[in-house]
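These are the residues of each chain, in order.
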Amino acid sequence: MGFWNKVRASTEETINVRDDLSAGTNVTLHFLFLGGLAWASGQPFLFPSLGPSAYLLATGEKDRAEGPYHVIGGHAVAAICGLIAYVLFADGIVVVDAFEQGEPFSSEVGRLVISGIVAMLLTTVGMLWSNTNHPAACATTLIVALGLMSTLLEGAIIVVAVALLVVFHNTIVDRVQDFYGVKPEDPR
């Protein structure tokens, strides 16, 4: 069977319009809530690693990486580990500014690289030891370790935003799904 025939066969087996539209609606509800909170507060309640977490919640929970303990715990571990690495190796440097200079072998970029590596190491071990396996949290640790959200306040906002995402999903989104009968039947 050729490549495109395999893709078509695979796609035909996995498309569930009802589930897929439900997941898209769920993600929209998640980001309307957190986006509204960010807009109203002027604080960064939206950040890149929330996307994968919202996606996992919206497409149907699977216990290993998408339950509340994993989502909130994984991001908390990641924020702490990212902060530790950032303070130790790259305090005061922001990745966007460091790369804007375009300087080969820049000490600032080198410090950020070390911060990112150490953050990933600490986060991986920390999530394994705490059984908070949540892959999206690896993006969080890099966001923090690379200086994009690297203050204690921003670390706290990360954890609060993730907790609010999970609570909103479990209380509002789940109820909307139950009320309209659109809860995903086939978690992916």
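Residues numbered from 1 in each chain as written. Predicted model: local features only at pLDDT ≥ 70, side-chain atom pairs only at ≥ 80, totals over all residues. Heavy atoms only, no water.

Asks: Describe the side chain of Ser53, listing the residues and the values that go with them.
Replies: Within the fold, Ser53 resides in helix α3 (residues 50–58). Accessibility expressed as a relative area gives 0% for Ser53, which makes it buried. Apart from residues no more than four positions distant in its own chain, Ser53 is found in contact with Val71, His75, His134, Ala136 and Leu165. (Helix = DSSP H or I, 4+ residues; strand = E, 2+ residues; numbered from the N terminus. Buried < 20%, exposed > 50% of the residue type's maximum accessible area, 1.4 Å probe, protein only. Contact = heavy atoms within 4.5 Å.)

Asks: Summarise the packing of aromatic side chains; cite the residues concerned and give the values.
Replies: Applying the stated criterion across every chain yields a total of one aromatic pair. Relative to Phe168, the ring of Phe33 lies with its centre 4.4 Å away and its plane at 5°, an arrangement referred to as stacked. With Phe33 in helix α2 (residues 17–41) and Phe168 in helix α9 (residues 152–180), this pair connects stretches of sequence that are 135 residues apart. Judged by relative accessible area, which is 29%, Phe33 ranks as partly exposed. Exposure remark for Phe168: the relative accessible area of 13% places this residue in the buried category. (Phe/Tyr/Trp six-rings, centres within 6.5 Å; stacked < 30°, edge-to-face > 60°.)

Asks: Quick rundown of the environment of Val159? Include the residues and the values.
Replies: Relative to the assigned elements, Val159 resides in helix α9. Separated by 85 residues in sequence, Val159 and Gly74 have C-alpha atoms that sit 9.4 Å apart. Not counting residues up to four positions away in its chain, the partners in contact with Val159 are Ala76 and Ala79.

Asks: Just give me the short version of the packing of α2 against α9, but keep the residues and values in it.
Replies: Each packed pair of helices is defined by two parameters, the angle between the axes and the distance between the axes. Taken N-terminus to C-terminus, the directions of α2 and α9 make an angle of 135°; their axes are 10 Å apart at the nearest point. Comparing their axes, α9 and α2 come out oblique. The interaxial crossing formed by α2 with α9 has right-handed handedness. Contacts from Ser22, Asn26, Leu29, His30, Phe33, Leu34 and Leu37 of α2 reach α9 at Ala161, Leu164, Leu165, Phe168, His169, Val173, Val176 and Gln177. Here the contact of α2 with α9 is composed, by residue class, of ten nonpolar, five polar and no charged. (Axes fitted to C-alpha atoms, helices over the stretch in contact; angles between N-to-C directions. Parallel < 35°, antiparallel > 145°, perpendicular 65-115°, else oblique. Left-handed = near helix turned anticlockwise from the far one by under 90°. Nonpolar A, V, L, I, M, F, W, Y, C, P; charged D, E, K, R; others polar.)

Asks: Run through the packing of helix α5 (residues 68–89) against α9, naming residues and quoting values.
Replies: At a closest axis distance of 10 Å, the pairing of α5 and α9 adopts a crossing angle of 170°. In terms of axis orientation, α5 runs roughly antiparallel to α9. Every residue of α9 that contacts α5 at Pro68, Val71, Ile72, His75, Ala76, Ala79 and Leu83 is listed here: Leu152, Gly155, Ile158, Val159, Val162, Ala163, Val166 and Asn170. Per-class residue counts for the contact of α5 with α9 are twelve nonpolar, three polar and no charged.

Asks: Residues and numbers for helix α8 (residues 137–145), please.
Replies: Within α8, seven of the nine residues are buried, which leaves it mostly tucked inside the rest of the structure. All buried positions along α8 are accounted for by Ala137, Cys138, Thr140, Thr141, Ile143, Val144 and Ala145. For α8, the elements touching its buried residues are α5, α7 (107–130) and α9. One or two positions beyond α8, positive phi appears at Gly147, with a value near 85°.

Asks: Could you give an account of the environment of Gly24, naming the residues involved and the relevant values?
Replies: Here Gly24 is to be found in helix α2. What makes Gly24 partly exposed here is its relative accessible area of 35%. Separated by 35 residues in sequence, Gly24 and Thr59 have C-alpha atoms that sit 8.3 Å apart.

Asks: Break down a nonpolar patch on the surface for me, citing the residues and quoting the values.
Replies: A surface patch of nonpolar side chains, amounting to about 450 Å² of accessible area, comprises Ile80, Ile84, Leu88, Phe89 and Ile114. For the nonpolar patch, the leading source of residues is α5, giving four residues. (Patch = residues over 30% accessible without salt bridge, like charges linked within 9 Å, V, L, I, M, F, W, Y side chains within 5 Å. Areas by Shrake-Rupley, 256 points an atom, 1.4 Å probe, with all protein chains shown as cover. Salt bridge = Lys/Arg side-chain N within 4 Å of Asp/Glu carboxyl O.)

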